[in-house]
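Residues per chain are reported as follows:
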Amino acid sequence: MKIARYPNLTTLRRHHDTRRTVPNLIVTSLVVTSLVVTSLIITGLVGGAARAGTTDAAARLAMGGDASTTTTSAPTTSAPPAPTAPVLGTVATGPPERFGEPAAAAAPSGTAVVATTFGGALVVDAWRSAAGTNAWTAAQPLLPAGFSRSYDPSATATPGGRLVVAGGASAGGSGACLPGGSVFVAATPSASQAFGAPVLVDDSRGSTGFDDRPVVAAGPPHVLWAAWSHGPAADACDVVGRHDVIEYAVSVDGGATFSRPVTLASVTGGAAFGAALVPLPGDRSAVVWTEQQPGGAVAVVAAVVGLDGTVEPPAVVGSGTGLPLVLPGASFYAFTVASATVVQSRLVVAWPTWSAGQGVVRVAQGPVPGQRGTWATTDVTPAAGTDLLLPAVAGGGGSRAMLVSAFHNRATDTVGYQASTVGIDATGGAPVIGPASTVVAGVPGPGFFELGETLFLQRSATAVTGALVTGGTAASVLQVARFPTLHLPVAGGSGGSGGSGGSGGSSTSSTPNAGPRSGSPDGWAIGAIVVALGALLVGARIRAARRRARRRTRRRHAGQGRVR
């Protein structure tokens, strides 16, 4: 370097600053560009996932305005394996026709199982157990003050571990009659403590209507959702009220108080019955129900509701023919009620339907709600002489759901239970049902006064938990089944009920890792990261060369005197 080119120190510094700034600008540009590209690619992946139906349910589940139709499409994925056998535990035993309408909820610190007791007091009983044990407390009756009977239990667990049971309560009546039927919830201060006094969600005493089939589900901390069928007093003795509508209410203080009920209008004009709840992040919940026509046709409907009473326009999930009220060879009533959960941000719904003279279970998965598309369905058909009923679904981890159904053998009036794994097709094809495995074989009946309208499954961090009733001519048994599942986060807290898994029940998880694909957004993201790392390496080499140049300059300056 010639000193004559630098008449003073300021000029010399400017030259070094320029040499330092230009490479730094290059390096910085490379790094920033790479990071921006990476950010855009990741954003594109998220946006693409939203378009493909794999975004977080909190951000995407909004059904309003969908022109969705239902199709039966060929599956594009292979059948998943049969689920791992559950751990079964006996909660209580009794004479025939003692237990019915079972519901279960699981919290990290305990499990609650509830069942309606037929005969005697006709009230909802609740049992509790500590986590990891099969030791159950004595039954605790749940009946609000001023009522004489309770019915139709549902259960959930809050993110904080409290156990909550909902039920209907009536001030009188007998058999199917529910005059003044109302909705209540009862909660435990913690999973290890007994249930507190029931709180009324909706009091229909002295009104012109009645409530039936309530369900409860836990959302974010302190949020409880409740939904039920509401009909005019004239229908209070009908098995399914001819003019029923669905109502819901929400609590933001853990169940101490509830909002005024909001009515969900019928879509098809049929009797709306059997609500299921799927809590969603973002202070929303999906409500799924069945609308029944006088001729036997049914439509399964879903809507998204908010804490503030907003209701997105509902969408029809599917349709078909409802089960006959009494199945061939059965000694109990059967109902066409849907169960729902969210898997990979897709709404998964299962309901029983009558097809070719047989009870089958129809499983549907929809597009990302809020987007135009179709619902794809798959039917699960039992062996000849057998009918399927009471399906329940819950998120099982990853891109799979758990399906548990009851089966009824016409020749022996036997009710057993089976479980399958449901594979959710990320491309929007039909759900793929794996082979069924028998959970409980059952014993010849009759042994039931009423099985109930639906089963209940709830997903926690380590298990999908459900309650089952088996019965025969000698005895009836209330059991709990715990299916192991993957350790994945549960959206909306501990999930819900009404057949919804963890629902809310519902779970939030990533798509299965298939590795980067050539030319795919995954590959571009990896390439952008490589460019950024390369830019950092080039920058390091430039800085090292710059330091060597400065040392040479200082040595030359020392030999020629100070530059002014």
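Quantities reported herein were computed from a predicted structural model and do not represent experimental measurements. Residue numbering note: each chain is counted from 1, following its sequence as written. In keeping with the predicted nature of the model, local features appear solely for residues at pLDDT of at least 70, side-chain atom pairs appear and are counted solely at 80 or more, and the whole-chain, interface and lining totals rest on all residues. Excluding hydrogens and water, the side-chain values take into account all heavy atoms of the structure.

Participant: What's the story with the state of the cysteines in this structure? I'm lost.
Facilitator: Where two cysteines share a covalent bond between their sulfur atoms, that bond is called a disulfide. When two cysteine sulfur atoms lie within 2.5 Å, the pair is treated as a disulfide. Throughout the structure, instances matching the rule amount to one disulfide. Shown here is the disulfide that connects Cys177 with Cys237, its sulfur atoms set 2.1 Å apart. With the S-S dihedral at roughly 115 degrees, the linkage between Cys177 and Cys237 falls on the right-handed side. Of this pair, Cys177 sits in the loop between strand E8 (163–170) and strand E9 (182–187) while Cys237 sits in the loop between strand E12 (224–232) and strand E13 (245–251), and the two are 60 residues apart along the sequence. Strands here are runs of E lasting at least two residues and helices are runs of H or I lasting at least four, both read from the DSSP assignment and numbered beginning at the N terminus.

Participant: Would you mind going over unusual backbone geometry with me for this structure?
Facilitator: Put simply, Gly445 and Pro446 share a cis peptide bond, and its omega is 5 degrees. Examined against the element boundaries, Pro446 turns out to sit in the loop between strand E27 (437–440) and strand E28 (457–459). The backbone phi angle of Asp283 is positive, close to 60 degrees, even though this residue is not glycine. As for its position among the elements, Asp283 is in the loop between strand E15 (271–280) and strand E16 (284–292). On the basis of relative accessible area, Asp283 is assigned to the partly exposed category, the value being 38%. A 1.4 Å probe rolled over the protein chains alone gives each residue an accessible area, and that area as a share of the maximum for its type sets the label: buried under 20%, exposed over 50%, partly exposed in between.

Participant: Would you mind showing me how to read the sheet that holds strand E29 (residues 463–471) here?
Facilitator: Pairing between sheet strands relies on hydrogen bonds along the backbone, with the strands arranged either parallel or antiparallel. By this definition, two strands are paired if DSSP reports at least two bridges between them. Taken together, four strands build an open sheet; the order of strands is E2-E30-E29-E28 and the sheet is antiparallel. Looking at the sheet topology across the chains shown, the edges are occupied by strand E2 (87–94) and E28. Averaged over all adjacent pairs, the angle separating strand axes in this sheet is 20 degrees, with direction ignored. Orientation is described by lines fitted to C-alpha atoms, with helices fitted over the stretch in contact, and by angles between N-to-C directions that extend from 0 to 180 degrees.

Participant: It is not clear to me how the packing of aromatic side chains should be interpreted in this structure. Could you clarify?
Facilitator: Geometrically, a pair of aromatic rings is defined through the distance of the ring centres and the angle of the planes. The rule is short: rings of Phe, Tyr and Trp, with Trp giving its six-membered ring, pair when the centres are within 6.5 Å, and they are stacked under 30 degrees, edge-to-face over 60, tilted in between. Applying the stated criterion to the full structure yields four aromatic pairs. Centroid distance Trp225 to Tyr248: 6.1 Å. Interplanar angle 40 degrees. Geometry classified as tilted. Here Trp225 is found in strand E12, whereas its partner Tyr248 is found in strand E13, with 23 residues between them in sequence. Residue Trp225 is classed as buried on the basis of its relative accessible area, which comes to 1%.

Participant: Whenever I open this one, the nonpolar core confuses me. Can you help?
Facilitator: Within soluble globular proteins, side chains that are nonpolar generally end up buried alongside one another. The nonpolar core is taken to be a set of buried Ala, Val, Leu, Ile, Met, Phe, Trp, Tyr and Cys residues, with the residues joined through side-chain atoms within 4.5 Å. If you look at the biggest cluster of nonpolar residues, it comprises 37 residues, and the most contacted ones within it are Val113, Trp127, Leu389, Tyr417, Leu451, Leu478 and Phe483. Not counting chain neighbours up to four residues away, the residues in contact with Tyr417 comprise Ser405, Ala406, Phe407, Ser437, Thr438, Val439, Val440, Leu451, Leu455, Leu468, Val469 and Thr470. Counting residues in each nonpolar core, the second largest holds 36 residues, with Ala103, Ala155, Ala169 and Ala227 among its members. Only heavy atoms enter the contact rule, under which two residues are in contact if any of them lie within 4.5 Å.

Participant: Please clarify how the environment of Pro446 should be interpreted in this entry.
Facilitator: Residue classification places Pro446 among the partly exposed residues on the basis of a relative accessible area of 45%. Distance in space between the C-alpha atoms of Pro446 and Thr412 is 8.3 Å, their sequence separation being 34 residues. With sequence-adjacent residues up to four places away left out, Pro446 is seen in contact with Ser331, Asp413, Gly472 and Thr473.

Participant: How should I be thinking about the sheet that holds strand E18 (residues 315–321) in this particular structure?
Facilitator: Strand order in this open sheet of four strands is E15-E16-E17-E18, and the pairing throughout is antiparallel. Both outer strands of the open sheet, E15 and E18, are each paired with one neighbouring strand and no more. Neighbour-to-neighbour, the strand axes of the sheet open up by a mean angle of 20 degrees, direction not taken into account. The sheet contact formed by strand E17 (residues 297–306) and E18 spans six bridges and is antiparallel. The partner of Val300 across the bridge, within E18, is Gly318.

Participant: Got a minute to help me understand a nonpolar patch on the surface in this structure?
Facilitator: Taken together, Leu325, Val326 and Tyr333 make up a surface patch of nonpolar side chains, about 250 Å² in accessible area. You can see Leu325 is positioned in the loop between E18 and strand E19 (339–343). Patch membership requires more than 30% relative accessible area and the absence of a salt bridge. Residues of like charge join within 9 Å; the nonpolar side chains Val, Leu, Ile, Met, Phe, Trp and Tyr join within 5 Å. Throughout, the Shrake-Rupley method with a 1.4 Å probe supplies accessible areas, and for residues the shown protein chains are the sole cover considered. Definition used for salt bridges: Asp or Glu carboxyl oxygen within 4 Å of a side-chain nitrogen of Lys or Arg.

Participant: Before we go on, may I ask you to explain the environment of Ala103 in this structure?
Facilitator: Here Ala103 shows up in strand E3 (residues 99–107). On the accessibility criterion, Ala103 (0% relative accessible area) is buried. Between the alpha carbons of Ala103 and Thr465 there is a distance of 9.5 Å; along the sequence they are 362 residues apart.

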